[in-house]
Amino acid sequence: MLRDKAKAGGSTKQGKVKGVALEGTPMRVAPLTSVKDPPPYGAQHRQDALWEGGNEALPPRWHQFKAGDGETQYQDNNLVMVSWKQPLPGVRLDQPRQLIRGCEWHISPLGRSYFVNHNTRTTSWKKPVPDRPVGSLTPECIIEGHSACIWSLACVGTGCNIMSASEDGSIRRIRDGEPVGEPWKGDGRGVNSMVVSPDETMVVSASADGRLRLWNAEEGSMVGDPWEGHSAPVRCLDWSHNTREIASGSRDGTIRRWNPNTGRQIASPIETGHGEVYAVKYSPRGDKFASCVYDNVIRVWSKDGKLLIEIKGHDRSVRSLCWSKDGEYIFSGSGDMTIRKWQSIDGQELVVLCGHTNIVRSICLSPDERHLVSASSDCSVRIWDLKTNQQVGGPLLHDDELLAIVIPSDGRYIASAGKDKKVYVWSFEAALKQSGNQVRSDGKSKGHASPSKDVRNQWRKVLSVVGLSRIFDVSSSPQRQANNEDLTRYGVALVDSPTRVAPLASAKDPPPYGVQHRQDALWEGGNEALPPRWWQFEVGGGAHYQDDNLVMSSFNRPLPGVRLDNSSPDANGTSHH
């Protein structure tokens, strides 16, 4: 039935920031006088900004804020995209993995974001979308209506009965795959989070104005006045299973708990001291709750707000949490692109699930707890078998980053949403049957899904004179390497490589083992330019260089003969070039 329906149907003073121009773009063009078309491919803007306030102000509909580490970040509110760099013409704004490979994010002199696609040699106002492989699963239905990204989803009852909360300031109801009634609107700007009461009669929403609002779920009307306390946007909510309290986490770094009957705080706020609170989740019994903030650590608190345990293991900030029904396990999704399973009593790490290629934004368990479903900034939903600890089926794909995912209590559907402003509804059964590569996870006794340290130490990254990088195994003999198609070799300046050979004229075959390149680069622009599909960005004031083919970065500028890895040789003399 759902498939049939789908077929039918402010100025702030800023310091000067060093920028990176488009690579391989020698042509300089005059500033645009309108925003009908983006700057042409090859444009290099080095003039002053033409928006009101010029270089000393932010473009229209941008704002700046402090991240958890105290660094200033800048957000384009039209796209809900964040950059570490002040937006100025000629400055590359995207970060690693923020866009599909070969694409860049820039701003026009008149203050509108646009995208450069080196794959097609074009520019566009629209963010590039990933290709959808032939044969990938299509959703049962796609529900449109929101005018900005969807931050949060919730289920009401069984079947395809869903609620969505958006940056456009509204909450919408979806029943059997169709929008119903008028959107609920408060006056708190974007709605960042939403949670339904256990008895499904009430809804609490959290807004960018730092306030919470209580709604009658049946009537869609706000009950009483907004709840005040937070001093910054509220990012996450949860309602205890015993219905007695609600927890909220904010960009102000605090966790606050509320009496749903009075809208008053029931205890002093918990000052996490570690920046923005990304998630807070009550245990099934409601006697404790878990939280995660910017510092990569999961914390479990008692009902009285006493810290019980800190769980460490993720390499980047933890963005999403969920508990098993018996309260024995906590699952977490992180900016390190992994999902991990922990014992809640002592924080022991049990499983690491690897497969996503960007931040894991949202996770949830199926009603029978046989599967975990995850949504990521890599534009995909993935399903994990918790018995085998493997991904099942192929990824379920959106056109933009995903921010939220839910499964109704009957387990028939998966609903996902994010920056493309749409709710996708997938058949869980069809997704499980879908053919796709299975990705093995780390069951601790079976080895990590990502390369182990020993394996990584046998790989080299190398750069040929024609500008192509590959990974190859230097622990094998040259003959063995020549027979290994999965580890194609492009050798330069190897540790024990006295032989010097002439530069290659093509990239059909890699340089032979033992090659030492000390001549100039042969790619377009030579030593003064970056190789094809490389780009430069700054971290902590220092330049980094990334090969978009491999999504690997180096502190060193890529040139033939220059070692690119950021570590010292191991005991076997392994190094990267």
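The sections below set out a description of the structure shown in this document. Small disclaimer: the values here were computed from a predicted structure and weren't measured. (Residues numbered from 1 in each chain as written. Predicted model: local features only at pLDDT ≥ 70, side-chain atom pairs only at ≥ 80, totals over all residues. Heavy atoms only, no water.)

A few words on the overall build of the protein chain. Summing up its helical and strand segments, the protein chain has 4 helices and 39 strands in all. Here the protein chain, with 577 residues, has 54% of them falling under the buried criterion. (Helix = DSSP H or I, 4+ residues; strand = E, 2+ residues; numbered from the N terminus. Buried < 20%, exposed > 50% of the residue type's maximum accessible area, 1.4 Å probe, protein only.)

Turning to the sheet that holds strand β5 (residues 113-117), a few remarks are in order. Picture the strands of a sheet paired through backbone hydrogen bonds; they go either parallel or antiparallel. With antiparallel pairing, the 3 strands of this open sheet are ordered in space as β4-β5-β6. On the outer flanks of this sheet lie β4 (103-107) and β6 (122-124), each paired with one strand and no other. Taking each pair of neighbouring strands and ignoring which way they run, the sheet shows an average axis angle of 25 degrees. (Pairing = 2+ DSSP bridges. Axes fitted to C-alpha atoms, helices over the stretch in contact; angles between N-to-C directions.)

Next up on the list: the packing of aromatic side chains. Inspection of every chain in the model, using the stated rule, returns 6 aromatic pairs. Positioned over the ring face of W151 is R235, at 5.5 Å from the centre of the ring. (Phe/Tyr/Trp six-rings, centres within 6.5 Å; stacked < 30°, edge-to-face > 60°. Lys NZ or Arg CZ within 6 Å of the ring centre and 35° of its normal.)

Counting through the fold element by element, R172 comes out in strand β10 (residues 170-175). When near neighbours in sequence (up to four residues on either side) are disregarded, R172 contacts G145, H146, I162, M163, S164 and P183. One polar contact links the side chain of R172 to the main-chain carbonyl oxygen of G145, over a distance of 3.3 Å. (Contact = heavy atoms within 4.5 Å. Polar contact = N/O pair within 3.5 Å; in protein donor to acceptor, adjacent residues only side chain to side chain.)

Within the fold, D368 resides in the loop between β28 (360-365) and β29 (371-376). For the pair D368 and G411, spaced 43 residues apart in sequence, the C-alpha to C-alpha distance is 8.1 Å. Within the local environment of D368, its side chain forms a polar contact with the side chain of S366, the two groups lying 2.7 Å apart. At 3.0 Å, the side chain of D368 and the backbone nitrogen of R370 are in polar contact.

Time to look at the sheet that holds strand β21 (residues 288-293). The strand order across the open sheet formed by 4 strands is β20-β21-β22-β23, and the pairing between neighbours is antiparallel. Lying at the two open borders of the sheet, with one neighbouring strand each, are β20 (277-282) and β23 (307-311). Strand-to-strand, the axes of this sheet are offset by a mean angle of 20 degrees, without reference to chain direction. Judged from the 5 bridges that link them, β20 and β21 form a sheet pairing that is antiparallel. The partner of Y282 across the bridge, within β21, is F289.

In this structure, T243 takes a positive phi of about 70 degrees despite not being glycine. You can see T243 is positioned in the loop between β16 (234-239) and β17 (246-250). Even without glycine at this site, N389 takes up a positive phi of about 55 degrees. Along the chain, the position of N389 falls in the loop between β30 (380-385) and β31 (390-397).

What follows concerns the nonpolar core. Counting residues in each nonpolar core, the largest one holds 16 residues, and the members touching the most others are V373, V381, I383, L396, I405 and I414. C155, A404, A417 and V425 belong to the second largest nonpolar core, which has 15 residues in total. (Core = buried A, V, L, I, M, F, W, Y, C linked by side-chain atoms within 4.5 Å.)

Close approach of charged atoms allows side chains of opposite charge to pair. All chains considered together, the criterion is met by 19 salt bridges. The closest approach of N and O atoms between D336 and R340, which form a salt bridge, is 3.3 Å. The burial state of D336 is the same as that of R340; both residues are buried. K433 is the salt-bridge partner of E429, the closest N and O atoms lying 3.1 Å from each other. Here the residue E429 and the residue K433 both occupy positions in helix α2 (residues 428-433), the gap between them amounting to 4 residues, near one helical turn. For the pair formed by E429 and K433, the shared burial category is exposed. Several salt bridges converge on common partners, so that one network encompasses K127, R361, D400, E401 and K419. (Salt bridge = Lys/Arg side-chain N within 4 Å of Asp/Glu carboxyl O.)

For β21, the tally of buried residues reaches 6 of 6 residues, placing the bulk of the element in the interior. Residues K288, A290 and C292 of β21 are buried on one face, and the alternating residues F289, S291 and V293, pointing to the opposite face, are buried as well. Taken together, β20 and the strand that follows it, β21, pair antiparallel across an intervening segment of 5 residues, in which G286 is found at a positive phi of about 80 degrees. When β21 meets strand β22 (residues 298-302), the two strands line up antiparallel, connected through 5 bridges. When the sheet's bridge partners are listed, S291 is paired in β22 with R299.

Among the 6 residues in strand β27 (residues 349-354), 5 count as buried, and that is most of the element. Two elements, strand β26 (residues 338-343) and β27, share 5 bridges in a ladder whose sense is antiparallel. Residue pairing for β27: W342 is matched across the bridge by E349. Counted between consecutive antiparallel strands, the loop separating β26 from β27 contains 5 residues, among which G347 sits at a positive phi close to 75 degrees.

Under the criterion given, the structure shown has 0 disulfides. With no disulfide of its own, C155 has C364 as its nearest cysteine by sulfur position, at a separation of 8.0 Å. For C155, a relative accessible area of 19% translates into the label buried. Lacking any disulfide linkage, C160 is separated from the closest cysteine sulfur, that of C141, by 4.8 Å. With a relative accessible area of 3%, C160 lands in the buried category. (Disulfide = S-S within 2.5 Å.)

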